[in-house]
Structures are given as structure tokens and as C-alpha cells.
Amino acid sequence: MPTNLYGPNDNFNLETSHVMPALIRKFHESKVKNEPEVVIWGTGKPFREFLHVDDMADACVYLMENFNAHDIGEFVNIGVGKDITIGELAVLIKEIVGFEGELKKDLSKPDGTPQKLLDITKLSSLGWKAKISLKDGIEQTYEWYQSQIK
């Protein structure tokens, strides 16, 4: 069971995307249009865990090559084991994109679940760990996004 995934080929549609690609697109478009601010929903306090799609693929291959489902069980949570607030994520994306305007919070919008963090004890005990840092993964995803909109 994976945590929130992100990376190249993600859905960047503002109506149907998840938080990571939506923020990347919002900050990019606001930078290009030289807008004064980007608005995020809610307080920014909920925590989310993010895993780059390449790490997800790596974890799946690692498990398939090294273990039998009979031995480790049918389900394994795949994640990084740490989370970040939506507000912190927005600041990180703002910096990566190079947006210089303000970050505003729309408190009339819902926060959603306070925290979504997987217990990756089983995966860790099997010897796998994510290789792509959140910052590096967002930078890579943003580069890919820019290459698609030109």
C-alpha cells in the first residue's frame, strides 16, 4: 500500500489533481504571470507523507526480487516514514519554483484529515529505504512539468 505518490507524468489538472502537483502548477503559473500571491486551502497544518514514483517502483522491484508474499504477508506499506505539513510543503515548492509573491491561506476551505502517515516498520525491517529526498523529487518533478508545458 503506497503513501501519496508524486513525480513525472502526475496529474497537474487543478480540478482533479492531488496537493503536490496542484501546488507545483499554482506556483509556476503565478510566477509566470507575476501574480502577487498563491492561495492554499485551509490552515496548512495537516501532515502528509510523499513518496516519489521512482522510489515506489524501486520498492516494488526490491520486494519482488527478494521476498515471497507467503513469507512477508500480502500487504506492505510503502512510504518514507516521515511527513510534512501542507504549509511547509507549500513553502518548499514556492522556493523550488522561485515564486517571490506571498503565500495566503483560505481558511474557508477544509483542511482534510489531520495526518496521513504510513507505518513502514515492515518495509524498513526488510531492508528497503527511499532514495529520493522530498526536495530533490520536487525539483525533478518541477523540471519535468516545465518540459511538458512549453
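As shown above, the structure is provided for reference.
Here the structure is a predicted model, which means the values were calculated and not measured.

### Re the nonpolar core
Nonpolar side chains tend toward joint burial in soluble globular proteins.
For step 1, the next point in the chain: Ranked by size, the top nonpolar core spans 20 residues in total, and within it M20, L23, I24, F27, L89, I93 and I138 carry the most contacts.
For step 2, the next point in the chain: At the level of elements, helix 1 (19-32), strand 2 (37-41), helix 4 (86-97) and helix 6 (134-149) are the ones that each hand at least two residues to this core.
For step 3, the next point in the chain: Dropping the residues within four chain positions of it, M20 is found in contact with Y6, F50, L89, I93, L134 and I138.
For step 4, the next point in the chain: Counting 11 residues, the second largest nonpolar core, distinct from the first, contains A59, L63, I78 and L126.

### Remarks on the sheet that holds strand 5 (residues 84-85)
For step 1, the next point in the chain: The sheet built from 3 strands is open, its strands ordered 5-3-7 with mixed pairing. Bordering the open sheet on either side are strand 5 and strand 7 (115-116), each of which pairs with just one other strand.

### With respect to the pattern of salt bridges
For step 1, the next point in the chain: Summed over all chains, the structure comprises 3 salt bridges.
For step 2, the next point in the chain: Here K131 and D58 are joined by a salt bridge, their closest N and O atoms 2.7 Å apart. Note that K131 is positioned in the loop between helix 5 (121-125) and helix 6 and D58 in helix 2 (residues 53-66), a separation of 73 residues in sequence.
For step 3, the next point in the chain: One salt bridge in this structure joins K135 and E139, with 2.6 Å as the shortest N-O distance. Of this pair, K135 and E139 are both found in helix 6, 4 residues apart, which corresponds to roughly one turn of the helix.

### Looking at the packing of helix 1 against helix 4
For step 1, the next point in the chain: Between helix 1 and helix 4, whose axes approach to 9 Å, the crossing angle comes to 40 degrees. One way to sum up the angle between helix 1 and helix 4 is to call them oblique. For the crossing formed where helix 1 meets helix 4, the hand is right-handed. Contacts between helix 1 and helix 4 involve V19, M20, L23, I24, F27, H28 and K31 from the former and I86, L89, A90, I93, K94 and V97 from the latter.
For step 2, the next point in the chain: For the contact of helix 1 with helix 4, the residue count by class is 10 nonpolar, 1 polar and 2 charged.

### Considering the packing of helix 4 against helix 6
For step 1, the next point in the chain: In contact at an axis separation of 10 Å, helix 4 and helix 6 are set at 50 degrees when each is read in the N-to-C sense. As the angle between them shows, helix 4 and helix 6 are arranged oblique. Crossing geometry of helix 4 relative to helix 6 is assigned as right-handed. Taken together, the residues of helix 6 that come into contact with helix 4 (itself represented by L89, L92, I93, I96 and V97) are L134, K135, I138, E139 and Y142.

### A look at unusual backbone geometry
For step 1, the next point in the chain: The phi torsion at N9 lies on the positive side, around 70 degrees, for a residue other than glycine.
For step 2, the next point in the chain: Position of N9 among the secondary structure elements: in the loop between strand 1 (4-6) and helix 1.
For step 3, the next point in the chain: The phi dihedral of N34 is positive, around 55 degrees, even though this residue is not glycine.
For step 4, the next point in the chain: In this structure, N34 sits in the loop between helix 1 and strand 2.
For step 5, the next point in the chain: By relative accessible area, N34 is classed as exposed at 68%.

### What about the pairing of strand 2?
For step 1, the next point in the chain: Residues V38 and I40 line the buried face of strand 2, whereas the alternating positions E37, V39 and W41 sit on a face that is not buried.
For step 2, the next point in the chain: Here 5 bridges tie strand 2 to strand 6 (residues 102-106), and the two strands are oriented parallel to one another. Looking at the pairing, W41 lines up with D106 of strand 6.

### A closer look at the side chain of R48
For step 1, the next point in the chain: Positionally, R48 belongs in strand 3 (residues 47-48).
For step 2, the next point in the chain: Buried charge without a partner: R48 forms no salt bridge, and the closest opposite charge is D83, 7.6 Å away.
For step 3, the next point in the chain: A polar side-chain atom of R48 sits 2.7 Å from the main-chain carbonyl oxygen of T113.
For step 4, the next point in the chain: Once residues lying within four places of it in the same chain are set aside, the contact partners of R48 are N4, D83, I84, I86, D111, G112, T113, P114, Q115 and K116.

Rules used in this analysis
Residues numbered from 1 in each chain as written. Predicted model: local features only at pLDDT ≥ 70, side-chain atom pairs only at ≥ 80, totals over all residues. Heavy atoms only, no water. Core = buried A, V, L, I, M, F, W, Y, C linked by side-chain atoms within 4.5 Å. Buried < 20%, exposed > 50% of the residue type's maximum accessible area, 1.4 Å probe, protein only. Helix = DSSP H or I, 4+ residues; strand = E, 2+ residues; numbered from the N terminus. Contact = heavy atoms within 4.5 Å. Pairing = 2+ DSSP bridges. Salt bridge = Lys/Arg side-chain N within 4 Å of Asp/Glu carboxyl O. Axes fitted to C-alpha atoms, helices over the stretch in contact; angles between N-to-C directions. Parallel < 35°, antiparallel > 145°, perpendicular 65-115°, else oblique. Left-handed = near helix turned anticlockwise from the far one by under 90°. Nonpolar A, V, L, I, M, F, W, Y, C, P; charged D, E, K, R; others polar. Lys, Arg positive; Asp, Glu negative; His and termini not counted. Polar contact = N/O pair within 3.5 Å; in protein donor to acceptor, adjacent residues only side chain to side chain.

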